[in-house]
Amino acid sequence: MKLFCIGKYGPYPKAGESCSCYVMTHNGKNIVIDLGCGALSKLLNMLPSRDIDALVLSHLHADHMGDALTLRYALEVDRKLGRRTEPLPVYLPAEPHAESSLLSSHAMMDAHFMTDGMRIQLFGMDVAFAEMPHPVPSFAMSFATGGRKLVYSGDTRDNGRIIEFAAGADLFVMEAALLEKDKAPAAPHVSAKDAGRIA
Ligand SMILES: [Zn+2]
């Protein structure tokens, strides 16, 4: 497994940068994890849309999925030009329905809805999902193969479950949207200090 960071900003991108987006490569396959606003343009520097093998969206906030809406158009062009014949497998939460239906209803997206505790096989990796506390359903995810494990938190409020879920990870990608001094008690994100403690 190799992980490339395409974008890390939220809730909107820094000028010339991108919101959350990662590419994981494994067994010659390219898995895009989150596709926030600004991400598609940067992603295409690395990977043509025809070479995306799966898309996994931790949750349906625009800074994690906004450019998945634009990716629909790229998939449609790829289909028309004969560069892609099958719909792209997309793993996403079912809620909020207004957002998920924009993706799941598209002919070139093969939607699979995540549930808490769900486990799947993806290109030879064991992938697991765990729902985290956030204003919309948000899923941490782990990818394991060959005795190695990568964990991505998605967005989450501070909670003990992420510690349990990330245990044993060889690489842990943890959100840290706030500085400790700026964090309100009910903040839907962890601080950088929290992220360090959790790690
Ligand atoms: Zn969020």
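The structure this text deals with has already been given above.
Residues numbered from 1 in each chain as written. Predicted model: local features only at pLDDT ≥ 70, side-chain atom pairs only at ≥ 80, totals over all residues. Heavy atoms only, no water.

1. Topic: the packing of helix α2 (residues 62-80) against helix α3 (residues 97-104)
Here comes step 1: Packing of α2 against α3 brings their axes to within 10 Å, and their N-to-C directions diverge by 30 degrees. What the angle tells us is that α2 and α3 run roughly parallel. α3 is crossed by α2, and the crossing has left-handed handedness. Contacts between α2 and α3 involve M65, A68, L69 and R72 from the former and E99, L102 and L103 from the latter.
Here comes step 2: A class-by-class count of the residues in the contact of α2 with α3 yields 5 nonpolar, no polar and 2 charged. (Axes fitted to C-alpha atoms, helices over the stretch in contact; angles between N-to-C directions. Helix = DSSP H or I, 4+ residues; strand = E, 2+ residues; numbered from the N terminus. Parallel < 35°, antiparallel > 145°, perpendicular 65-115°, else oblique. Left-handed = near helix turned anticlockwise from the far one by under 90°. Contact = heavy atoms within 4.5 Å. Nonpolar A, V, L, I, M, F, W, Y, C, P; charged D, E, K, R; others polar.)

2. Looking at the coordination of the zinc ion
Here comes step 1: Here the zinc ion is held by H59 (NE2), H61 (ND1), H134 (NE2) and D155 (OD), and the distances to it run 2.2 to 2.3 Å.
Here comes step 2: Coordination at the zinc ion is irregular, judged from the 4 donor atoms that bind it and the angles of 88 to 169 degrees they form at the metal.
Here comes step 3: Taken in chain order, the donor set of the zinc ion reads H-x1-H-x72-H-x20-D. Here the residue H61 occupies a position in the loop between β4 (54-56) and α2, and H134 occupies one in the loop between β8 (125-132) and β9 (138-145), the gap between them amounting to 73 residues.
Here comes step 4: According to the relative accessible area criterion, H134 is buried, its value standing at 11%. (Donors = N, O, S within 2.8 Å, 3.2 Å for Na, K, Ca; no water. Tetrahedral: all angles 85-135°; square planar, octahedral: opposite > 155°, others 65-115°. Buried < 20%, exposed > 50% of the residue type's maximum accessible area, 1.4 Å probe, protein only.)

3. Some words on unusual backbone geometry
A negative phi angle characterises most non-glycine residues, just as the trans form characterises most peptide bonds.
Here comes step 1: Between G10 and the following residue, P11, the backbone shows a cis peptide bond with an omega angle of 0 degrees.
Here comes step 2: Tracing the backbone through its elements, the reader meets P11 in the loop between β1 (2-7) and β2 (21-26).
Here comes step 3: P96 follows E95 through a cis peptide bond whose omega is -5 degrees.
Here comes step 4: One can find P96 in the loop between β5 (88-92) and α3.
Here comes step 5: Unlike most non-glycine residues, N27 shows phi in positive territory, near 55 degrees.

4. Some thoughts on the sheet that holds strand β7 (residues 119-122)
Here comes step 1: Judged by pairing direction, the sheet is mixed, and its 5 strands sit side by side in the order β7-β8-β9-β10-β11 without closing on themselves. Every interior strand has two partners, whereas the edge strands, β7 and β11 (171-173), have only one. This sheet shows a mean twist of 20 degrees between the axes of neighbouring strands, independent of strand direction.
Here comes step 2: Here 3 bridges tie strand β10 (residues 148-152) to β11, and the two strands are oriented parallel to one another. Residue pairing across strands places L150 opposite L171, the latter belonging to β11. (Pairing = 2+ DSSP bridges.)

5. Some points on the pairing of β2
Here comes step 1: β2 sits mainly inside the fold: 5 of its 6 residues count as buried.
Here comes step 2: Examined bridge by bridge, β2 and strand β3 (residues 29-35) share 6 bridges and lie antiparallel to one another. Looking at the pairing, Y22 lines up with I33 of β3.

6. Overview of the environment of G28
Here comes step 1: Following the sequence through the fold, G28 ends up in the loop between β2 and β3.
Here comes step 2: Between the alpha carbons of G28 and A195 there is a distance of 31 Å; along the sequence they are 167 residues apart.

7. With respect to the pairing of β10
Here comes step 1: With 5 bridges joining them, β9 and β10 adopt antiparallel strand pairing. When the bridges of β10 are listed, S142 appears paired with V151.
Here comes step 2: Following β9, the chain reverses through 2 residues before pairing antiparallel with β10; G146 in that reversal takes a positive phi of roughly 55 degrees.
Here comes step 3: Taken together, β10, helix α4 (residues 160-166) and β11 constitute a β-α-β crossover, and its handedness is right-handed. (Right-handed = clockwise from strand over helix to strand, strands pointing away.)

8. Some details on the layout of surface pockets
Here comes step 1: Roughly 370 Å³ of internal volume is contained in the largest pocket.
Here comes step 2: Each residue belonging to the lining of the largest pocket can be placed in one class, and the counts come to 8 nonpolar, 6 polar and 4 charged. (1 Å grid on protein atoms, 1.4 Å probe; cavity = no way out; pocket = protein on both sides within 12 Å on 5 of 7 lines; lining within 4 Å. Points joined across faces, edges and corners; volume = space filled by probe spheres on them.)

The analysis is restricted to geometry; functional conclusions fall outside its scope.
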